[in-house]
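What the coordinates show
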Amino acid sequence: MSSVFLLSLDQGTTSTRGILFDDRGVEVASLGEPLEQHYPGDGEVEHDALEIFSASVKVLKGVLGRAGVSPSQVAAIGITNQRETVVVWDRRTGEPVGRALVWQDRRTAPECEALRARGVETRVTALTGLLLDPYFSATKLAWILDSQPGLRARAEAGELLAGTMDTWVIWKLTGGAVHATDATNASRTLLFDIHAQDWSDELLDLFRVPRALLPRVMDCADDYGSTLSELLGGAIAIRGVAGDQQSALMGQGCIRPGEMKATYGTGCFLLLNTGETAARSSARLLTTVAGRLGGRATYALEGSIFVAGAALQWMNEGLGVPGGGAEVEALARRARPGHGVTLVPAFTGLGAPWWDPDARAGLLGMTRDTGLPEIADAAFEAAAFQTRDLIEAMRLDAPEAFGPDAELRVDGGMSRSVWFCQKLADRTRMPVGRAAYEETTALGAALFAGLGCGLFATAADAASARPQTTRLSPQGAAGSADNAYAAWLRSVSRIRSDG
């Protein structure tokens, strides 16, 4: 067994996990703790920040015990987290003023719409690379400060602190010694100028957020202090931090311009590394910080698909197909070739590049001999075609990033299926690199920590520590794939709210 280890804390939306890696990026042990969701009202989603911290300590300490590794053997901790979720707490007592507002929370939609009506979205996007949406942290922070009498005055007086989940956990792990975040998480707040790499006074005024609340913005591989000795049985340095999707980008080794990854879960996040160029999108994709090392930021274009694996879950729950995704795949493999059925899974609207929240799902092209196998196949095809939507948009926004060696690296639940990954390659006409290790988000945080503590000399050294991918090349005629994609686009046009 290795004598040097890296410890990763993956603080997600539904669970908090601790994963221990050796110095070659190989998992040694893992431990998870579920996270309770709170739904106080329609469109409102909250987390208990104290529960998150308690679970973080539990899984970090527990995974060391499970592996029989002492804190002195751990070179550093890397932290990755659900992005945009934000909490405010008392600087003196460390007690949150209320629950954290989760990235899924939509209660501030009216405020975003009011700002959009003022015509400020173009300026906000120019500074942040983001859109005016309650998904991001700024309007959540303002809502918290207005939710109780006196909070805003206390924030302006410096009595309160705020941050995303990385900031909160770091502050608690270090006993309040470090109030910091990294550039990737900062870039998801709507308060951070991604070009100047600093909080924007203009945006702070617009969203009514006092600067005194906010953490210091640091690199993804940096000195975030050390854990209190009594928490884990010994002090451990915290040397890596990144938001979950950017951490997965690192875990997939996508450190050069043109390298991209897609994570398939309930939905899908696709990020394209654009290097030191913050590409402006004509398709309303997001421009975000991919990482920051040595004070130098790199950027990514990001597109999100609302429904990917959720379409398979709909097959299970809505259409009565027993089991999980594997059973839906077994059904899809029995579909008639050329069946012509298209599922556009806009159950909650369409994400990038369409951004049509009022669109609703459609099942098109059915005949009398259409059955569950054809619908199941259409559910997998939908994930592939939506991925191509994003790739085509990115190709227009950053054509220089698509060289002859471009490939799409994939992870997440649906990537376990070689059959789906081959379909993805066929439909996108792009080679697909299937990750040999699925927990790329946690791995990315560990690799950043390895950089931060000097275990790796360069980002390339860190990326080379990850397990290699299996490459699947497109099969079949390009013309056939293009015709199928054209049929998909016609189906999308029929279900759009303005179609």
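How each quantity is defined
- Residues numbered from 1 in each chain as written.
- Predicted model: local features only at pLDDT ≥ 70, side-chain atom pairs only at ≥ 80, totals over all residues.
- Heavy atoms only, no water.
- Pairing = 2+ DSSP bridges.
- Helix = DSSP H or I, 4+ residues; strand = E, 2+ residues; numbered from the N terminus.
- Axes fitted to C-alpha atoms, helices over the stretch in contact; angles between N-to-C directions.
- Contact = heavy atoms within 4.5 Å.
- Parallel < 35°, antiparallel > 145°, perpendicular 65-115°, else oblique.
- Nonpolar A, V, L, I, M, F, W, Y, C, P; charged D, E, K, R; others polar.
- Buried < 20%, exposed > 50% of the residue type's maximum accessible area, 1.4 Å probe, protein only.
- Left-handed = near helix turned anticlockwise from the far one by under 90°.
- Polar contact = N/O pair within 3.5 Å; in protein donor to acceptor, adjacent residues only side chain to side chain.
- Phe/Tyr/Trp six-rings, centres within 6.5 Å; stacked < 30°, edge-to-face > 60°.
- Lys NZ or Arg CZ within 6 Å of the ring centre and 35° of its normal.
- Salt bridge = Lys/Arg side-chain N within 4 Å of Asp/Glu carboxyl O.

**Description of the sheet that holds strand 22 (residues 469-472)**
With mixed pairing, the seven strands of this open sheet are ordered in space as 16-17-15-14-20-21-22. Lying at the two open borders of the sheet, with one neighbouring strand each, are strand 16 (286-293) and strand 22. Across the sheet, the axes of successive neighbouring strands diverge by a mean angle of 30 degrees, strand direction being ignored. Running at roughly 120 degrees to strand 14 (residues 260-264), helix 10 (residues 244-251) makes contact with strand 14, strand 15 (268-275) and strand 16 of the sheet.

**A closer look at the packing of helix 10 against helix 15 (residues 440-452)**
Any two packed helices are characterised by how steeply their axes cross, that is the angle between the axes, and by the distance between the axes. Across the interface, helix 10 lies against helix 15 with an axial gap of 7 Å and an inter-helix angle of 75 degrees. On the basis of their axis angle, the class for helix 10 and helix 15 is roughly perpendicular. Note on element contacts: helix 15 touches helix 10 through Thr440, Thr441, Leu443, Gly444, Ala445, Leu447, Phe448 and Leu451, opposite Asp244, Gln246, Ser247, Ala248, Met250 and Gly251. Tallied by class, residues from the contact of helix 10 with helix 15 come to seven nonpolar, six polar and one charged.

**A word on the pairing of strand 16**
A regular strand places its side chains on the two faces of the sheet in alternate fashion. Taking burial as the measure, the eight residues of strand 16 include seven buried ones, the bulk of the element. Summarising the sheet, strand 16 and strand 17 (residues 296-305) pair through seven bridges and their orientation is antiparallel. Residue pairing for strand 17: Thr288 is matched across the bridge by Ala300. Joining the antiparallel neighbours strand 16 and strand 17 is a turn of two residues, in which Gly294 adopts a positive phi near 60 degrees.

**A short note on the packing of helix 13 (residues 372-397) against helix 14 (residues 418-428)**
Following both chains from N to C, one finds helix 13 and helix 14 inclined at 45 degrees, their axes separated by 9 Å at the closest point. As judged from the angle between their axes, helix 13 and helix 14 are oblique. Crossing angle aside, the handedness with which helix 13 passes helix 14 is right-handed. Contacts between helix 13 and helix 14 involve Asp377, Phe380, Glu381, Ala383, Ala384, Phe385, Thr387, Arg388 and Ile391 on the former and, on the latter, Trp419, Phe420, Lys423, Leu424, Arg427 and Thr428. Considering only residue class, the contact of helix 13 with helix 14 consists of eight nonpolar, two polar and five charged.

**Comments concerning the environment of Val432**
Among the structural elements, Val432 can be located in strand 21 (residues 432-435). The spacing of Val432 and Thr469 is 37 residues in sequence and 9.0 Å in space, taken between C-alpha atoms.

**Quick notes on the side chain of Arg188**
Relative to the assigned elements, Arg188 resides in the loop between helix 7 (183-186) and strand 10 (192-193). A distance of 2.8 Å separates a polar atom in the side chain of Arg188 from a polar atom in the side chain of Glu84. Those residues in contact with Arg188 that sit more than four places away from it in its chain are Arg83, Glu84, Leu130, Tyr135, Phe136, Ser137, Gln246, Leu286, Thr288 and Glu302.

**Some thoughts on the sheet that holds strand 2 (residues 15-22)**
Sheet architecture is open: five strands sit in the order 3-2-1-5-13, paired in mixed fashion. Edge positions in the open sheet fall to strand 3 (27-34) and strand 13 (238-243), since each of these has one partner strand only. Direction aside, neighbouring strands of the sheet carry axes that sit 15 degrees apart on average. The pairing of strand 2 with strand 3 spans seven bridges and is classified as antiparallel. The residue of strand 3 that forms the bridge with Phe21 is Glu27.

**Concerning the packing of aromatic side chains**
One pass over the full model with this rule turns up twelve aromatic pairs. With 5.9 Å between their ring centres and 85 degrees between their planes, Trp103 and Tyr135 make a pair best called edge-to-face. Of this pair, Trp103 sits in the loop between strand 7 (100-101) and helix 2 (109-117) while Tyr135 sits in the loop between helix 3 (121-128) and helix 4 (138-146), and the two are 32 residues apart along the sequence. The exposure class of Trp103 is partly exposed, given its relative accessible area of 24%. For the ring pair Tyr135 and Phe136, a centre distance of 4.8 Å and an interplane angle of 65 degrees mean the geometry is edge-to-face. In this structure Tyr135 comes out as buried when scored by relative accessible area, which is 16%. Residue classification places Phe136 among the buried residues on the basis of a relative accessible area of 2%. Through successive ring pairs, a cluster of aromatic residues spans Tyr264, Phe380, Trp419 and Phe420. It is Arg83 that lies over the ring of Phe269; its NZ or CZ is 5.5 Å from the centre.

**Some points on the environment of Phe53**
Here Phe53 shows up in helix 1 (residues 49-67). In this structure, the C-alpha to C-alpha distance between Phe53 and Ile170, residues 117 residues apart in sequence, is 9.4 Å.

**Concerning the environment of Glu111**
Of note, Glu111 is situated in helix 2. By relative accessible area, which is 37% here, Glu111 ends up partly exposed. Expressed as a C-alpha distance, the spacing of Glu111 and Phe207, which sit 96 residues apart in the sequence, is 9.5 Å.

**Comments concerning helix 14**
Count 3.6 residues to each turn of an α-helix, and residues three or four apart come out pointing the same way. Helix 14 sits mainly inside the fold: ten of its eleven residues count as buried. Those residues of helix 14 that fall on the buried side of the exposure criterion are Trp419, Phe420, Cys421, Gln422, Lys423, Leu424, Ala425, Asp426, Arg427 and Thr428.

**Points about the pattern of salt bridges**
A full pass over the atoms with the stated rule returns 38 salt bridges. The residue Arg116 makes a salt bridge to Glu121 at a minimum N-O spacing of 3.6 Å. For Glu121, a relative accessible area of 13% gives the class buried. Between Arg292 and Asp219 there is a salt bridge, and its shortest N-O distance comes to 2.8 Å. A residue pair is termed long-range when its members are at least 10 positions apart, and Arg292 in strand 16 and Asp219 in the loop between strand 12 (216-218) and helix 9 (229-232) qualify at 73 residues. When salt bridges with common partners are traced through the structure, they connect Glu44, Glu46, Arg99, Asp105 and Arg107 into a single cluster.

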